[in-house]
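For reference, the chains in residue letters:
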Amino acid sequence: MDQQHMPLAEYLQAFAKNNPISFHVPGHKHGQVFASAYLAEFQQLLRWDVTEITGMDDLHAPTGVIAEAESLAADFFKTQHTFFLIGGSTVGNLAMILATCKQEDKILVQRNCHKSVMNGVELAGAKPVFLAPDWEENVQRFTSPSYETVAAAIEQHPEAKALILTYPDYFGQTYHLKAMIEKAHQHNIAVLVDEAHGVHFSLGDPFPVSAIQLGADAVVHSAHKMAPAMTMGSYLHVMTSRINLSQLEHYLQIVQSSSPSYVLMASLDIARYFLANFSEENQLKTIKSVEHIKNILSAFPFWKFVPSADPLKLTFHVKHSFSTKSVAQLLEKAEIFPELATDEQILFVHGLAPFEQTDRLEKRLKTMGHPLKKSTNHATIEKTNFFPEKIQELDLSYQEMHYYSTYQVSMEESVGEIAAEAVIPYPPGIPLLLKGEKIKEVHITQLKKLVEQGVRIQHRDSRLRIYRNKGER
């Protein structure tokens, strides 16, 4: 197919040039009705912000320009079908889980997944089997479940309808996904991959191989994360008949807006065009820029560079004696904003083009002061003991949860009860306690230790919410 073509973007541009008269929604009337203070900034986008009038096609039953744009994307990514998403990868994760799992079906779930995966499993009423990630010493993080954990879970639960994995992780780290996919397929288990941070993997070397090429059945891409699409613009790719397309389309209509943004959809069309025409020369210039930025940042003595499978993800591990929080604050004070800061690492994301503000970056880095020393009681997590159970099911199903009342109790009172909400230490951002999991003494011991050490808990207060008294709501 002609990858020089951007059917949706081109149609919107031609439509706007004709200065159409609007007697339809949206209410800004192609930018004629708008607050004057910001009209100049929004004017051009508002001309493209239209609705499903004649010729504009329909995202939920495309036959025209949207269908053509999706077909071009499928051709580029080498998929059976590619859907445009205007609700981020969240709706892709929800739809592919709902399309593969019904109530009471088992699904194998990587425990350190995006919250939308957990939400999708709960909405489906499926029975999750959680797979704990391993601690990877060379990058000093929990990354992914090992092949051994995944294979053991498949052998224990061969009736599972799907296996859902996150690839790569937030920092661009990959793992032996192909072997896991092949193992799942031996039992006809569909493999769903949240590849939100890997849309550019389809460009090939020097980037890792995409889950699409590795044999996954369905893959979600956040086009807005690493390709030049607008925020919330994503793709959902289907590669095999293990995914029921009609079911998937049905659930996409449920979880996506009935009034999709044409500006977002056009940006997905443009992002596909950008990737499809990303030349070897573009690639060489980008990688050269990555190396240059890495060298500039590596010159600072309070951190060290941590390699990643994805060259666009630049991670720096702050030396033990320094406070990572203070380093992040110094960066932001200098108007330099990294993607993410954990307790020990700071992530910078390079784009798919040469960085052209090098002089400004170096000047701002020179204005940074010296980071604070880390306090003696700074948070440390016993990495090896964080997940004593590698494969785990919930003690109370999502269906049963509806019939219980919830109460807040002290940590001591909660032992032996069922957690009614997830308790998530950050870092590593992985639930210490899952909603529906029985609370054990080891959980409370670990939780108290983390609180004493200053680990931030994504939780309201020191009391825990539990399920109790079936039938009383």
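What you see is a predicted model, and the numbers here were worked out from it, not measured in a lab.

What counts and how
- Residues numbered from 1 in each chain as written.
- Predicted model: local features only at pLDDT ≥ 70, side-chain atom pairs only at ≥ 80, totals over all residues.
- Heavy atoms only, no water.
- Helix = DSSP H or I, 4+ residues; strand = E, 2+ residues; numbered from the N terminus.
- Rg over C-alpha atoms; globule rule 2.2 N^0.38 Å.
- Buried < 20%, exposed > 50% of the residue type's maximum accessible area, 1.4 Å probe, protein only.
- Contact = heavy atoms within 4.5 Å.
- Areas by Shrake-Rupley, 256 points an atom, 1.4 Å probe, with all protein chains shown as cover.
- Lys, Arg positive; Asp, Glu negative; His and termini not counted.
- Charge placed at Lys NZ, Arg CZ, Asp CG, Glu CD.
- Core = buried A, V, L, I, M, F, W, Y, C linked by side-chain atoms within 4.5 Å.
- Pairing = 2+ DSSP bridges.
- Axes fitted to C-alpha atoms, helices over the stretch in contact; angles between N-to-C directions.

Visitor: Sorry, what's going on with the overall build of the protein chain here?
Guide: In terms of regular secondary structure, the protein chain is built from 16 helices and 19 strands. Taken over the C-alpha trace, the protein chain has a radius of gyration of 24 Å; the compact-globule value for 473 residues is 23 Å, and the two agree within 12%. C-alpha atoms of the protein chain, sized along the principal axes, occupy 70 × 60 × 45 Å. The buried share among the 473 residues of the protein chain stands at 54%. Sequence-distant contacts, at least 24 apart, represent 72% of the contacts inside the protein chain between residues at least 6 apart. With the model as given, the accessible surface of the protein chain reaches about 21,600 Å², and the carbon-plus-sulfur share is 52%. Averaging the locations of the 44 positively and 53 negatively charged side chains of the protein chain gives two centres separated by 5 Å.

Visitor: I tried to follow the nonpolar core on my own but got confused; where do I start?
Guide: In globular proteins that are soluble, nonpolar side chains generally tend to be buried together. Residues L163, L177, W303, L331, F348 and L365 are the most contacted members of the largest nonpolar core, which totals 84 residues. With eight residues, the top contributor of residues to this core is helix α10 (residues 262–276). Among residues more than four places away in sequence, those in contact with L177 are L165, Y167, V193, A211 and L214. One finds V91, I97, A124 and A218 within the second-largest nonpolar core, a separate group that totals 37 residues.

Visitor: What is the right way to look at the sheet that holds strand β19 (residues 464–470) in this model?
Guide: What holds strands together in a sheet is hydrogen bonding between their backbones, with the strands either parallel or antiparallel. With antiparallel pairing, three strands are arranged side by side in an open sheet as β15-β19-β16. Here the strands that pair on one side only, and so sit at the sheet edges, are β15 (404–409) and β16 (418–419). In this structure, β15 lies alongside β19, joined through six bridges in antiparallel fashion. If you follow Q408 over to β19, its bridge partner there is R465.

Visitor: Looking at this model, I keep getting lost on unusual backbone geometry. Mind explaining?
Guide: Note: most peptide bonds trans; most residues except glycine with negative phi. Cis geometry is found at the peptide bond from Y167 to P168, where omega equals -5°. Mapped onto the elements, P168 comes out in the loop between β6 (162–166) and α7 (177–186). In this structure, N188 takes a positive phi of about 55° despite not being glycine. With respect to the secondary-structure elements, N188 resides in the loop between α7 and β7 (190–194). Residue N188 is classed as exposed on the basis of its relative accessible area, which comes to 54%.

Visitor: So what exactly am I meant to see when it comes to the sheet that holds β7 here?
Guide: Strand order in the open sheet formed by eight strands is β1-β9-β8-β7-β6-β2-β3-β14, with mixed pairing between adjacent strands. The two strands at the open ends of the sheet, each matched to only one other strand, are β1 (81–85) and β14 (391–393). Strand-to-strand twist across the sheet, computed as the mean angle between neighbouring axes with direction ignored, equals 20°. Note that strand β8 (residues 218–221) and strand β9 (residues 234–238) share four bridges and pair antiparallel. Looking across to β9, one finds that V220 is bridged to L236. Sitting on the sheet, helix α3 (residues 65–77) is in contact with β1, β8 and β9, with an inclination near 125° to β1.

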